[in-house]
Amino acid sequence: MGAENGQPGPMAKVSEVISTYRPTRLFKAPNLHYTSLDFDSTGELLLLARTDDTLHIYNTKAGAHAKELKSQKHGCALARFTHHSQSVIYASTKLNHDIRYLSAHDNSYIRYFKGHTDRVTSIQLCPSNDTFLSASLDNTVKLWDLRSSSPQGSLNLHGAVLTAYDPSATVIAIASPATQTIVLYDVRNYDKPPFATFDMQDIERRFSHYGQAQAQGWTTLEFSNNGQYILVGTNGPGHYVLDAFEGTLKAYLYRAQGPPPFPSQLGQSDSPLRHTQASLQGDACFSSDGRYVVSASSKGGMLVWDLLADKRSDGTMNPMTDLPGPRTSTVVGVNPRYNNLASAGQDVVLWLPDPELA
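Predicted, not measured: the structure shown is a model, and the values here were computed from it.

The subject of this paragraph is the sheet that holds strand S7 (residues 87-91). The strand order across the open sheet formed by 4 strands is S6-S7-S8-S9, and the pairing between neighbours is antiparallel. The open sheet has two edge strands with one neighbour each: strand S6 (77-81) and strand S9 (108-113). Strand-to-strand twist across the sheet, computed as the mean angle between neighbouring axes with direction ignored, equals 20°. Here S7 pairs with strand S8 (residues 99-103) via 5 bridges, running antiparallel. Paired with Tyr90 across the two strands is Arg100, which belongs to S8.

Here is the structure:
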């Protein structure tokens, strides 16, 4: 069925539809803020964490809110689907720093993952099995198996706050804004030193004239699905796209109007996002083909960059399009299976290609 009823259409070539996305469903949450967004592997469900200590699941096929799950005692952030669409993991924001494994089917806990002693800043599920990574302000990155409450391994890394798996699940990337580095580990040799270290200091200094503060507010670390690029999203005026093998800059994705406001700027000083380094995860992401980057926009809507488009001599690239939207969003996502997008801030917005613009 078509975009007019809120259902995702059949998968078309990304380049044919990327500039035609328009909002088709809007779900308002006055005076609240969504802090993470994740599609399940089927593309039919969307999971979000909210600042009132609730999790929300949306059915993207029906374009409807499906379920609310409360976590009032422990709070919630960085919610992620496991490979089973009725099971989720998320970080506690109150009382302790456990990661909680929840059955959405009957709202019961399956397991608690204990070990972090400060706020968890990243949770990433392995693409190929039931292991996952977590990073924390306690300066550790831990490797977990969903079947065990104890970590399978732990790395002590100063300032490590973001993690990512490459699409083959053989490489782990860890970002440390404090040291302005991104390190790569072989998953099979997790306990060995990293096989590559990418220094971001010179790259960030190159764009300081845009107001890009060095090592401040890295919010996204993601490999493209083709494994060629690494996206380093920031809460500054631009994002970085790196060569995943060499660490060289492929593009600086500049947003002239500046970044969207953080929840603290929206009057939510008690938000779980009050720590910059433990802020949002997912304010920019790759398209499914790895060619485009979609990002939140301060004007509402979303910005899109085409990585094959022309860039300036210093690597700066302007957006190819500005998708108009109703409200400012701070987390965005691309559906892995269907032609739809999602964004969230104070509202949840579902997006579909407009057939009249194609």
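This part covers the nonpolar core. Ranked by internal contacts, the top residues of the largest apolar core, which has 25 residues, are Ile182, Leu184, Leu221, Ile230, Tyr240 and Leu242. Those elements that place two or more of their residues in this core are strand S14 (162-165), strand S15 (171-176), strand S16 (181-186), strand S17 (196-199), strand S18 (218-223), strand S19 (229-234), strand S20 (238-243) and strand S21 (249-254). In this structure Leu221 touches Leu162, Thr163, Ala164, Ala173, Ile174, Ala175, Ile182, Ile230, Leu231 and Val232, once residues within four positions along its chain are discounted.

Our next topic: the sheet that holds strand S5 (residues 64-70). Ordered by their spatial adjacency, 4 strands build an open sheet running S2-S3-S4-S5, and the pairing between neighbours is antiparallel. This sheet does not close on itself; its edge strands, each paired only once, are strand S2 (34-39) and S5. The mean inter-strand angle of the sheet, taken between neighbouring strand axes irrespective of direction, is 20°. Examined bridge by bridge, strand S3 (residues 45-50) and strand S4 (residues 54-59) share 6 bridges and lie antiparallel to one another. Bridge pairing in S4 places Leu48 opposite His56.

Another point: the pairing of S15. Burial of S15 is extensive: 6 of the 6 residues sit out of reach of the surface. Here 4 bridges tie S14 to S15, and the two strands are oriented antiparallel to one another. Across the sheet, Ala164 pairs through a bridge with Ala173, a residue of S15. Between S14 and S15, which pair antiparallel in sequence order, lie 5 residues; one of them, Ala169, sits at a positive phi of approximately 60°. Across 6 bridges, S15 lies against S16 in antiparallel orientation. Following the sheet pairing, Ser176 is matched in S16 by Thr181. Counting the residues that bridge the hairpin from S15 to S16 gives 4 residues, and of these Gln180 lies at a positive phi of roughly 55°.

Turning next to the pairing of S2. Counting buried positions along S2 gives 6 out of 6 residues, so the element sits mostly inside the fold. As defined by bridge partners, S2 adjoins S3 across 5 bridges and the pair is classed as antiparallel. For Phe39, the partnering residue across the bridge sits in S3 and is Leu46. Between the antiparallel neighbours S2 and S3 lie 5 residues, among them Gly43 with a positive phi of about 80°.

So, how was this worked out
- Residues numbered from 1 in each chain as written.
- Predicted model: local features only at pLDDT ≥ 70, side-chain atom pairs only at ≥ 80, totals over all residues.
- Heavy atoms only, no water.
- Pairing = 2+ DSSP bridges.
- Helix = DSSP H or I, 4+ residues; strand = E, 2+ residues; numbered from the N terminus.
- Axes fitted to C-alpha atoms, helices over the stretch in contact; angles between N-to-C directions.
- Core = buried A, V, L, I, M, F, W, Y, C linked by side-chain atoms within 4.5 Å.
- Buried < 20%, exposed > 50% of the residue type's maximum accessible area, 1.4 Å probe, protein only.
- Contact = heavy atoms within 4.5 Å.

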